[in-house]
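One letter stands for each residue in the lines below.
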Amino acid sequence: MSRYSRHIILSEIGQKGQDKITQAKVLVVGAGGLGCPILQYLAAAGIGTLGIVDFDIVEESNLQRQILFGMSTLGKNKALAAKERLEDLNPTITITAYPERLTAKNAVSLFNEYDIIVDGTDNFTTRYLINDASLITNKPLVYGAIYKFEGQVSVFNYQSGPSYRCIFPTPPKAGSVANCSEVGVLGVLPGIVGSMQANEVLKLVLGLGNVLSGKLLCYNALTAETLTLTVNKSELEINKVLDQKDTFQDRQSAFNCDISFNEISVEKALQKKNVQFIDVRETHELPKVDIINPVQIPLSKLEHHLEKIDAEKEKIIFCQSGIRSKKAVALLQKNQINNCYSLKEGAQAIIEHYNQN
Amino acid sequence: MNLNIKYFGMLTEVTQCQEETFLFSQSTVADLLKALFNKYPLLEERDFQVAQMQTLVSKDTIISEVEIALLPPFAGG
């Protein structure tokens, strides 16, 4: 009782409203910069059933903004680490961690178990997947996205309102829009935007105020300005998604539009068995990393030496810093060569890894 | 007429400004884009949508208001 007293004494919420919060089932996809504040406030508010999807692990560079984690959770899966932290914050709610990637295969059955879906991911592949699966399962979607100092918030698929595709019908060209790990982000920004998303979830649950449906709120942290744009529904775009309902589970392979989706850390790369390492630096570049026995194909010649790439193995591609290797992954994907990963921070990361271990 | 165009996110890296006054005398959003691509060739490679008077509009919409915003999708989270 005392835990929620500040909610209950609000005449707009009361015990009745708090009961609605207890009965609500909310799935948060991504436990990163946005996911952390979303989850923290939803758990604190007493959302009765909370699901967390994230395949990634906690890294030190996350701690600048991902407030559920600390030194003790470095290297742990984010969904599991978040669950542990939130169970301490509120042991009266049910939290389920899904330490896996959201895919076209698992999205629909997972979404069916929840009332509201929240997008806290960091790549377009998953954002479009979440939007489409929300449409197919007819669930409201609380959307948030950030870039450097700016954020966007909206609620999609709410009471037959517009969807993400009514604003941006198709995913951007691969690699044309960077994410936080590539360009940086002000640490507090996902805190603000994620808190706005948590607020929209509570408004949906409580039936309070005006839900940001049919609106796209744009926030700029440097000017403290918001601009709220009106979004019109496109039946055409929505029907295109609904028409795929029966074949939805099979579509994912043609759907990778983000290079970041295929980035891998040196720790994870070296754990993999049956991989081919490909060095796409020019042959004169140092340091050499013979310890992992890479195939050397400079990026400039890659397209003419596709026969050197082992179709049976997963491919880890590296360069000096992790930029050319991303271009190489995009180029290989264009040539229908899948299972390719770009090694974060390149050859330097491999050398550092072996020096430390 | 003089339009007041706002740029968001990574578009400001192309235009080097967040807002500008832009003299425009033709009719549709598509015409405006052509004029903007002429001024900022790199803008053509970017993905974005256009809003007029705080409402997202299609390319064949006639420009009748001065408040224009160019809005790219964000991936980050």
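These figures come from a predicted structure and were not determined experimentally.

### A few points about the overall build of chain B
Across its full length, chain B holds two helices and five strands. The C-alpha atoms of chain B give a radius of gyration of 12 Å, which matches the 11 Å a tight globule of 77 residues would have. Taken along its principal axes, the extent of the C-alpha atoms in chain B is 35 × 25 × 20 Å. Here chain B, with 77 residues, has 32% of them falling under the buried criterion.

### Here's the deal with the overall build of chain A
The number of helices and strands found in chain A is 14 helices and 13 strands. A compact globule built from 357 residues should have a C-alpha radius of gyration of about 21 Å, and chain A, at 22 Å, falls within 12% of that. Across its three principal directions, the C-alpha atoms of chain A cover 70 × 50 × 40 Å. The buried share of chain A, taken over its 357 residues, is 45%.

### Digging into the interface of chain A and chain B
The interface is formed by 31 residues belonging to chain A together with 17 residues belonging to chain B. If you tally residues by element for the side of chain A that touches chain B, the top one is strand S8 (residues 225-230) of chain A, at four residues. Of the residues belonging to the side of chain A that touches chain B, the class tally is 16 nonpolar, twelve polar and three charged.

### As for the sheet that holds strand S13 (residues 340-343) of chain A
Residue and element names in this part refer to chain A. Taken in spatial order, the five strands make up an open sheet running S9-S13-S12-S10-S11, and their pairing is parallel. The open sheet terminates on both sides in strands that have one partner only, identified here as strand S9 (263-264) and strand S11 (295-296). Sheet topology places strand S10 (residues 275-279) next to strand S12 (residues 314-318); five bridges connect them, and they run parallel. From the neighbouring strand, Phe277 faces S12, where its bridge partner is Ile316. Contacts between helix H13 (residues 324-334) and the sheet are confined to S12 and S13, with S13 contributing the most and set at about 170° to the helix.

### Quick notes on the pairing of strand S2 (residues 19-23) of chain B
Residues and elements named next belong to chain B. Summarising burial for S2: zero of the five residues are buried, a small minority. As defined by bridge partners, strand S1 (residues 2-7) adjoins S2 across five bridges and the pair is classed as antiparallel. Paired with Ile5 across the strands is Glu20, a residue of S2.

### Observations concerning the packing of helix H3 (residues 35-45) of chain A against helix H9 (residues 188-206) of chain A
Residue and element names in this part refer to chain A. The contact between H3 and H9 brings their axes to 7 Å, and the two run at 40°. When the axis of H3 is compared with that of H9, the two are oblique. Relative to H9, the crossing made by H3 is right-handed. For the pair H3 and H9, contact is made by Cys36, Pro37, Ile38, Tyr41, Leu42 and Ala45 and by Pro190, Gly191, Gly194, Ser195, Gln197, Ala198, Val201 and Leu202, respectively. For the contact of H3 with H9, the residue count by class is ten nonpolar, four polar and no charged.

### A word on the domain arrangement of chain A
Here the domain parsing of chain A yields domain 1 (2-255) and domain 2 (260-356). For domain 1 of chain A versus domain 2 of chain A, the distance between C-alpha centres works out to 32 Å.

### Section: the nonpolar core
Residues and elements named next belong to chain A. Residues Val26, Leu39, Leu42, Ile52, Val118 and Val201 are the most contacted members of the largest nonpolar core, which totals 84 residues. In terms of residues, this core owes the most to one element, H9, which gives nine residues. Among all residues touching Val26, those that are not within four sequence positions of it are Leu42, Ile47, Leu50, Tyr114, Asp115, Ile116, Val118 and Val201. With 22 residues, the next largest nonpolar core counts Val289, Ile316, Val329 and Tyr341 among its residues.

### Observations regarding the pairing of strand S5 (residues 67-71) of chain B
The side chains of a regular strand alternate between the sheet's two faces. Residues and elements named next belong to chain B. Counting buried residues along S5, four of its five residues qualify, which places the element largely inside the surrounding structure. Pairing of S1 with S5 involves four bridges; the strand directions are parallel. Directly across from Tyr7, in S5, lies its bridge partner Leu70.

### Comments concerning the confidence of the model for chain B
Within chain B, residue pLDDT values average 95, and 100% of them lie at 70 or more. Both scores are given for the predicted complex: the pTM is 0.80, the ipTM 0.94.

### What about the environment of A:Leu242?
Here A:Leu242 is to be found in helix H10 (residues 235-242). Residues A:Leu242 and A:Thr73, 169 residues apart in the sequence, show an inter-C-alpha distance of 40 Å.

### Let's talk about the packing of helix H6 (residues 124-137) of chain A against H10(A)
All names here are of chain A. At a minimum axis distance of 9 Å, the contact between H6 and H10 shows a crossing angle of 80°. Classified by the angle between their axes, H6 and H10 sit roughly perpendicular to one another. Contacts between H6 and H10 involve Asp132, Leu135 and Ile136 from the former and Ile238, Val241 and Leu242 from the latter. Grouping the amino acids of the contact of H6 with H10 by side-chain chemistry returns five nonpolar, no polar and one charged.

### Things to note about unusual backbone geometry
Of note, the amide linkage connecting A:Leu286 to A:Pro287 takes the cis form, showing an omega dihedral of 0°. Even without being a glycine, B:Gln54 presents a positive backbone phi close to 60°. Mapped onto the fold, B:Gln54 is located in the loop between strand S3 (49-52) and strand S4 (55-57).

### Describing the environment of B:Glu20
Turning to its location among the elements, B:Glu20 is positioned in strand S2. C-alpha of B:Glu20 to C-alpha of B:Met53: the two residues are 33 residues apart in sequence and 15 Å apart in space.

Thresholds, definitions, all that
- Residues numbered from 1 in each chain as written.
- Chains lettered and ligands numbered in written order.
- Predicted model: local features only at pLDDT ≥ 70, side-chain atom pairs only at ≥ 80, totals over all residues.
- Helix = DSSP H or I, 4+ residues; strand = E, 2+ residues; numbered from the N terminus.
- Rg over C-alpha atoms; globule rule 2.2 N^0.38 Å.
- Buried ≥ 20, exposed ≤ 12 C-beta atoms within 10 Å, placed from the backbone.
- Contact = placed C-beta atoms within 7 Å.
- Nonpolar A, V, L, I, M, F, W, Y, C, P; charged D, E, K, R; others polar.
- Pairing = 2+ DSSP bridges.
- Axes fitted to C-alpha atoms, helices over the stretch in contact; angles between N-to-C directions.
- Parallel < 35°, antiparallel > 145°, perpendicular 65-115°, else oblique.
- Left-handed = near helix turned anticlockwise from the far one by under 90°.
- Domains from an automatic or database assignment.
- Core = buried A, V, L, I, M, F, W, Y, C linked by C-beta atoms within 7 Å.
- pLDDT = per-residue confidence, 0-100.

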